[in-house]
Amino acid sequence: MIDRFASGFDPFVIPFLIGMVFVLGYCIVGAIRLVFQLDHADRKRFLVSLITPKTIWKNIKDIFLNCLIHVKLWKRNKLLGYMHSSIAFGWFMLIVLGHIECFVYMPHRVKLFYYPIFFNYFVAENEYTLRGAIFFFLMDFFLLMVLSGIVLAIIKRVRSRLFGMRRTTRPSLLDRIGLYSLWLIFPLRLLAESFTAHISGGSFLTIPMNMLFKAFLGDHMNMLPTWWAYSIALCVFMCVLPFTRYMHIPTEMLLIPFRNAGLTIKHARKGFAKAQVYSCPGCGVCIDACPMSVKKANIKDTTVYLNRNIRRGNEKRIEEISDKCLLCGKCTAVCQVGVDGPQMRIAQRSIRNYGLDQDYTGFDISAMKASVSAEPSPGRVLYFAGCMTALTPAISQAMESVFRKAGVDYAFMDKDGGLCCGRPVLMAGRFEQARELIRKNKEIIQASGASTLVLSCPICYKVFREHYKLEGIRVVHHTEYMLELVKAGKLVLEKGEGSMVYHDPCELGRGCGVYEQPRELLRQAGELVEAAQNREMSICCGGSLGSLTLGFDKREDITRNALNNLVSGDPATIVTACPLCKGTFARYADRPVEDIAETVNRHTK
Amino acid sequence: MDFGFSISPSSTINLDKVDFTLYDRLCEIEPDAKKCMACGSCSATCTAGPWTGMSVRKVILGIQRGKESEAEKMLKGCMLCGKCTMVCPRGINTRHLILSLCRIYGEGER
Ligand code: SF4
Ligand code: SF4
Ligand code: SF4
Ligand code: SF4
Ligand code: SF4
C-alpha cells in the first residue's frame, strides 16, 4: 500500500479533528472534575481500585460486556440487544481495525490522529495482499453490522413495541440532532469508501457499491464532497454529544470503575450521583418497569425523569419526583447502566432543610433494656417484630408459636412497643436521626445476651443488616430462620391442601437478595405456584414506606396491578414475608393473604 | 338582591389570641389537615406515643389552638414509621404532614 498524497492531509479532516478534540477535552475535564468531587476516602478508594489487578480486570470485563455488547439489553429483548451491540461493538471494531491497518501498512502515519478514520482516502493499494483482503473484508463486515443496527434504530423510532418497549421518552432537539448525525455517519462512510474501492481496496460491500452506482461513484467530482459530508457528520455528532443523551457513552465508562471501586452516593448531585445521572441514556426501560406507572399521572416521576431533571437543574420537579417514589428498586433491577433510583432519591431527600429536627436522645430505654436482659447464651434468640408487625399482630403471634413449638429460648424485644428500626427515617433522608435510633436499639439488643436476632419485617431486616454493626450477633429474617429450624429437625412441616403463590417483598428480594428460603419453606407446606413476574422482577405492593407523598388513596391501582400479577397462576392463598405487604394486599385481595410465619405455623404441630 | 334594607354587621368581638400563621401555612401545603376528625386512631398506634406522648391528632389540634411549643415537643419524637398514615380513616398522609410541619416550623424567623 502506498500513500496517495505525500502530505497525508486534506482539509476535509478538519471538522472531524475539531469534533474529536472538543469531545475528548470535554470528557477528560469532566472525568477529572467528577473524581475530584468524590470525598477524600472515596477518591482514594477509586484510585487504588484503578491499580488493583482484580478491579482492573473487572473494569475491562464490565466495560466490554456492558458498553459494547450490552448483555443486559440482550436479556431484555434480542432485537434491542442486537441493535445496541451492533452499533457500539461494530463501531468500536471499525476504530480498532482502522488503527491496526494503519500500524501495519502506514506506521509512519500513526501519529496522525485522523489517519485511521479516513484511511481509505489516503492510501492506494499497489499490490494485492492477502492481509489487505482480510482487513478490507473485516472493515466491510463491521460496517455492515453497524448499518444493520442503524436500520433497526430507525425502525425502533417508529415502532418501539417491536423492541419490547411500551413507553419511552421523547428526545430533545439536541438529542435529535445527535441521533440524525449518528444515523448519517455510517451510510456516508459506506459511500465515501466506495469511491476508492477500486483503487485502495474494498470488499463485499464497497466493491459492489462501486460497480452498482457507477453514475455517482464513478465521477470523482463527487468524491471529496462525500468525504467532507462524512467528516462533518462525525463533527456534528461529537460536538453535540456532551449536551445530549449520548453523553451516557463516555460517562458509563467512568461509572463502571466507580461502582467496582465500591463507592456509594455521598452527595446528592456530585461525584458518583452525577456519574449515574449522566450515564442514563433515557432508554425509558424503567418507565414500564415502575409500579407507579400504572397510573398515567406518575409516569413522569420515574427514574429517567429524575435524571433528566437533575441534568436540567429543575429543583421543584426533583423534589416531587424524589418524594413520590416507593423506593422499590425495580428500576435499578432493569436498568442496564445500573442507575440506583432509590439511593439517588434518598440522597435528594437528605439535602432538604427542616426548621425542626427530630431528636431521640431523650428517650429512656433503661426499662426496655431490663425487660430483655439476660446472661449471654449461644442458643438465645431475640425477636424484634418492628412497627409494621405491630399493626399485624397475627404475625408476631405466629412467630411466638413457632418459637415455642421448636423449643427456642427467645425474648420478644418490642412486645409492648419499642423503637423504630430507623429505616423509615433513613428513607426520609434524615441520616443523623437514624443513627440515633440505631444506637439506642443496638444498646438494647446487646443487653439481651442473644446470639441471634430474628426479624419478621424485611424493612427492618435491611437496615439491621446494613447499618447495625452487631458484633457477635447474627441477624436473620424469619424466612431464613424458620428454614434453619426445619433443616435442624426442630420444626416439622406437613404438606397441606391448596396452592400458594409467594410474593417477593421488595426489601427482602431486591433489597437483601433473599429469594430461595421462603420458597423452600413453602414447597414443604404445600403446592407453590409462581407469579407472572417474580424474584428480581417482583412488583411492589404499593404500600411501601418509601414514598413520602403518595397517600394511601392514590395507591389502589398500584396494589391491584401487583395483585393481578400474583394471581396469574390462580393460587388459593397469597403468601408474603412482610407485614406491610400483607396489610396492603389484604385491602383489595379476593383471596386470603398471609405472612409466611402464619403459613408455617398452620402447617406444623 | 336589594330589599332596601340589610342586617347590621355582626358586632361580635373576636377575642381569639391565636396566631394562625403556622396552621394556615400547613393547610396551604397539606389541605388534608382540615380533614382530621380527631378520631385518635393515629394516637393509639403511634410508635413514639409511649416515649413522648406523640399523637398526630394532638399536634393538629395544638397548632390550631396555638399550642405550638407542645406540638413541637411531640413532633421531635416522631420516628416517621408511618403507622399513623396506615390507620387514618380519613386517608390523611400524616407522615408527610409531619414532615411538612417540620419543614415550615420557624419559617417566619428564617
Ligand atoms: S434510569 Fe436506567 S432504565 Fe431508566 S432510562 Fe435511564 S438507563 Fe434506562
Ligand atoms: S424505586 Fe420503584 S417506585 Fe421508585 S422509580 Fe424505581 S421502580 Fe418506580
Ligand atoms: S419496618 Fe417499619 S416497621 Fe419494621 S421496624 Fe422498621 S420501621 Fe419499624
Ligand atoms: S387518625 Fe387521622 S382522622 Fe383520626 S385523629 Fe389521626 S389524623 Fe385525625
Ligand atoms: S409516623 Fe410518627 S406519629 Fe406516625 S405513628 Fe409513627 S411515630 Fe407516630
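Values in this document were obtained by computation on a predicted structure and should not be read as measured data. (Residues numbered from 1 in each chain as written. Chains lettered and ligands numbered in written order. Predicted model: local features only at pLDDT ≥ 70, side-chain atom pairs only at ≥ 80, totals over all residues. Heavy atoms only, no water.)

### Focus: the site of ligand 5
Stage number 1. Not every one of the 13 residues close to ligand 5 is listed here, only the nearest: Cys-46, Cys-78, Cys-81, Gly-82 and Cys-84 of chain B.
Stage number 2. Per-class residue counts for the shell around ligand 5 are ten nonpolar, two polar and one charged. (Near = heavy atom within 4 Å. Nonpolar A, V, L, I, M, F, W, Y, C, P; charged D, E, K, R; others polar.)

### Concerning the sheet that holds strand E6 (residues 474–477) of chain A
Residue and element names in this part refer to chain A.
Stage number 1. Across the sheet, which stays open at both edges, the four strands sit in the order E4-E3-E5-E6 with parallel pairing between neighbours. For this open sheet the edge positions go to strand E4 (410–412) and E6, each flanked by a neighbour on one side alone. The sheet shows a mean angle of 25° between the axes of neighbouring strands, taken without regard to direction. (Pairing = 2+ DSSP bridges. Helix = DSSP H or I, 4+ residues; strand = E, 2+ residues; numbered from the N terminus. Axes fitted to C-alpha atoms, helices over the stretch in contact; angles between N-to-C directions.)

### With respect to the domain arrangement of chain A
Residue and element names in this part refer to chain A.
Stage number 1. Parsing chain A into structural domains produces domain 1 (11–249), domain 2 (265–350), domain 3 (366–485) and domain 4 (492–602).
Stage number 2. Listed per partner, the contact involves 20 residues of domain 1 and 26 residues of domain 2.
Stage number 3. Summing both partners gives a buried area of about 1,900 Å² for domain 1 against domain 2, and 51% of it is carried by carbon and sulfur.
Stage number 4. Connecting domain 1 to domain 2 are two salt bridges.
Stage number 5. Ionic pairing is found between Lys-266 and Asp-42, a salt bridge with its closest N-O pair at 3.2 Å.
Stage number 6. In this assembly, domain 1 and domain 2 are joined by seven residue pairs in polar contact (both at pLDDT 80 or more).
Stage number 7. Of the residues in the side of domain 1 that touches domain 2, the class split is five nonpolar, six polar and nine charged. (Domains from an automatic or database assignment. Contact = heavy atoms within 4.5 Å. Buried area = accessible area lost by both parts, 1.4 Å probe. Salt bridge = Lys/Arg side-chain N within 4 Å of Asp/Glu carboxyl O. Polar contact = N/O pair within 3.5 Å; in protein donor to acceptor, adjacent residues only side chain to side chain.)

### Comments concerning the packing of helix H2 (residues 40–51) of chain A against helix H12 (residues 248–260) of chain A
Residues and elements named next belong to chain A.
Stage number 1. Where H2 contacts H12, the two axes come as close as 9 Å, and the packing angle between them is 100°. Relative to H12, the element H2 is oriented roughly perpendicular. Contacts from Phe-46, Ser-49 and Leu-50 in H2 reach Leu-254, Pro-257 and Phe-258 in H12.
Stage number 2. Looking at the contact of H2 with H12 residue by residue, the class counts come to five nonpolar, one polar and no charged. (Parallel < 35°, antiparallel > 145°, perpendicular 65-115°, else oblique.)

### Structural notes on the side chain of Asn-222 of chain A
All names here are of chain A.
Stage number 1. Mapped onto the fold, Asn-222 is located in the loop between helix H10 (214–217) and helix H11 (223–240).
Stage number 2. A polar atom in the side chain of Asn-222 sits 3.0 Å from the backbone oxygen of Phe-216.
Stage number 3. Apart from the residues within four sequence positions on either side, Asn-222 is in contact with Phe-195 and Phe-216.

### Points about the sheet that holds strand E10 (residues 593–595) of chain A
All names here are of chain A.
Stage number 1. Sheet architecture is open: four strands sit in the order E8-E7-E9-E10, paired in parallel fashion. A single partner strand is all that each edge strand has here, and the edge strands are strand E8 (527–529) and E10. Put simply, the sheet's adjacent strands are angled 35° from each other on average, direction ignored.
Stage number 2. Bridge count for strand E9 (residues 573–576) against E10 is three bridges, and the pairing is parallel. Pairing of Val-575 across the sheet is with Glu-594, part of E10.
Stage number 3. Each of E9 and E10 is contacted by helix H29 (residues 579–588), which is oriented at about 170° to E10, the strand it contacts most.

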